Amino acid sequence: MITEEQLTQLKACNGDAPILSAYVNIPPGLQPERAYITTFKALAQEMRDRLTEPQRELFEAEANAVQSWLEREHPEGRAAVAFCCQATGLWQATFLPFPVTDHVAFEERPHLAPLLDLFDEHERYGVVIVDKEQSRFLAIRLGEIEWDQRIQGDIEEPDANNTWDDGKYDQQYEAHVQQHLKRVANRLDKFHARRPFERLFLGGPVAAVSGLKALLSQPLATRLAGTFNVDIDMSPSEVLARTMPLAEQAERADEEQIVAAVFDRAGPSGRAIFGVSDTLRAVWNAAVETLVVVDGLQLSGGECANCGRLEAGEAVVCPVCQGEIHPVADVIAWAITHTLQQAGNVEIVHGDPAARLQEQGEGMGALLRFSQTGLA
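Procedures and definitions
Think of each chain on its own: its residues are numbered from 1, step by step along the sequence as written. In keeping with the model being predicted, local features are shown solely for residues with a pLDDT of at least 70 and side-chain atom pairs are shown and tallied solely at 80 or more, while totals for entire chains, interfaces and linings include all residues. With hydrogens and water set aside, each side-chain value is computed from the structure's full complement of heavy atoms. In this analysis, strands are considered paired if DSSP registers two or more bridges between them. Helix and strand assignments come from DSSP, with helices taken as H or I runs of at least 4 residues and strands as E runs of at least 2, each series counted from the N terminus. The convention used is that axes are lines fitted to C-alpha atoms, helices contributing only their stretch in contact, and that angles between N-to-C directions extend from 0 to 180 degrees. Note on definitions: a residue-residue contact is assigned when non-hydrogen atoms from the two residues lie within 4.5 Å. The salt bridge criterion pairs a side-chain nitrogen of Lys or Arg with a carboxyl oxygen of Asp or Glu, the two atoms within 4 Å. Throughout this description, buried means an accessible area under 20% of the type-specific maximum (1.4 Å probe, protein chains only), exposed means over 50%, and partly exposed covers the range between. N or O atoms within 3.5 Å of each other form a polar contact, as long as, within protein, one can give a hydrogen and the other can take it, and as long as residues adjacent in sequence are counted only when both atoms are side-chain atoms.

### Concerning the sheet that holds strand β12 (residues 301-304)
Sheet architecture is open: 3 strands sit in the order β13-β12-β14, paired in antiparallel fashion. Two strands bound the open sheet, and with one partner strand each, they are β13 (310-312) and β14 (325-328). Across the sheet, the mean angle from the axis of one strand to that of its neighbour is 30°, orientation sign disregarded. In this sheet, β14 lies alongside β12 in antiparallel orientation, the contact comprising 4 bridges. Within β14, the position partnered with Gly-301 by the bridge is Val-328. Where helix α10 (residues 331-341) meets the sheet, its contacts fall on β12, β13 and β14, and the angle it forms with β13 comes to roughly 155°.

And the structure:
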């Protein structure tokens, strides 16, 4: 799987030479037939047909390298992704645990939209299952458990030799439980420092969960996205089954908020904007704090060879500097790349939030670093 560090490297690719980006699904029932290789060959041929002769020569070497990798590796997961540019030494190829849309691109920057969407949809979240004596810490990323550690508590039980006052046993025991929960809360802060997560879920008996919830530090309290009543011995697969729907609900709720913010803050002096043309203008102005795009949105367009302005459609002359517009297969993907290179964020939305953004904003909008009055 591509790590966050590798994704950061891909975001920083500066267009020194064309990069082949390839995404192909691996349907579970067709893995033995390796039909995904045929899919890649067909996509590669479609790309060859669109390229000029000099471009085809460069593309051929990259396509052969990706095809050789697909033929050599045993398929895993639900999709394969590869980024290849031999001129710059770029090579990243791996299998993904979730399906993606089959796609091949050959441009100066890697096509990252599907990968960004996957990371955003299945970002790391933390799970803590606690009872009055034990705790269990899990980190879940891209639908897989990458960390699962159980810690036994140190609650003393009465025996013939202890010094607990029988008349105050319940009170003393609860005091020790409270100390246990404080230790769990402290460990959770350290756990988050080691494996930062965007969301947190607490599981266990109601009393223990409520007690731990009250002890969370402010940074973790803001990440708390849900609680559930479970036994600490729940299997890893059961933990996934219980928490992944909660994580998806939380993601949709966040997307609803960000789309609402785009429309609420838009206006002549507002710090948000929507619509393809206006949003591309904001990207060109390096004004985008968070680019918001509907899942799967693709539009042909171009980039000015002189000033770098992005335009959707078939413009041939830049409306700003009158420079020549060079065709771009997917101007949305280029807008995403430009936003990332400007240290902006990208949010790809789905479901009802996506439907609203598509209907009212042509599928694209942004939260801005400054008001629209500052846009050229």
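### Examining the sheet that holds strand β11 (residues 288-294)
An order of β10-β16-β11-β15 is seen for the 4 strands of this open sheet, with the pairing classed as mixed. Each of the sheet's edge strands pairs with one partner strand only, and the pair in question is β10 (272-274) and β15 (345-349). Taken pair by pair, the neighbouring strands of this sheet meet at an average axis angle of 15°, ignoring direction. Pairing geometry for β10 and strand β16 (residues 364-368), over 3 bridges, is antiparallel. In the strand pairing of β16, Phe-274 is matched with Gly-365. Set on the sheet, helix α8 (residues 236-265) makes contact with β10, β11, β15 and β16; between it and β15 the angle comes to about 110°.

### Topic: the pattern of salt bridges
Per the counting criterion, the structure on display carries 16 salt bridges. With its nearest N and O atoms 2.4 Å apart, the salt bridge here joins Glu-146 to Arg-124. Residue Glu-146 is found in strand β7 (residues 144-152), and its partner Arg-124 is found in the loop between α4 (113-121) and β5 (125-130); the two are separated by 22 residues along the sequence. Judged by relative accessible area, which is 31%, Glu-146 ranks as partly exposed. A network of salt bridges, in which partner residues are shared, links Glu-4, Arg-124, Arg-141 and Glu-146.

### Things to note about α10
Think of an α-helix as turning once every 3.6 residues; residues three or four places apart then point the same way. With 10 of 11 residues buried, α10 is to be regarded as a mostly interior element. Considered for burial, the residues of α10 that qualify are Val-331, Ile-332, Ala-333, Trp-334, Ala-335, Ile-336, Thr-337, His-338, Thr-339 and Leu-340. Where α10 starts, the residue carrying a side-chain oxygen 3.1 Å from the main-chain nitrogen of Ile-332 turns out to be Asp-330. Count one or two residues on from α10 and you reach Ala-343, which has phi positive near 65°.

The values are spatial; any link to function lies outside them.
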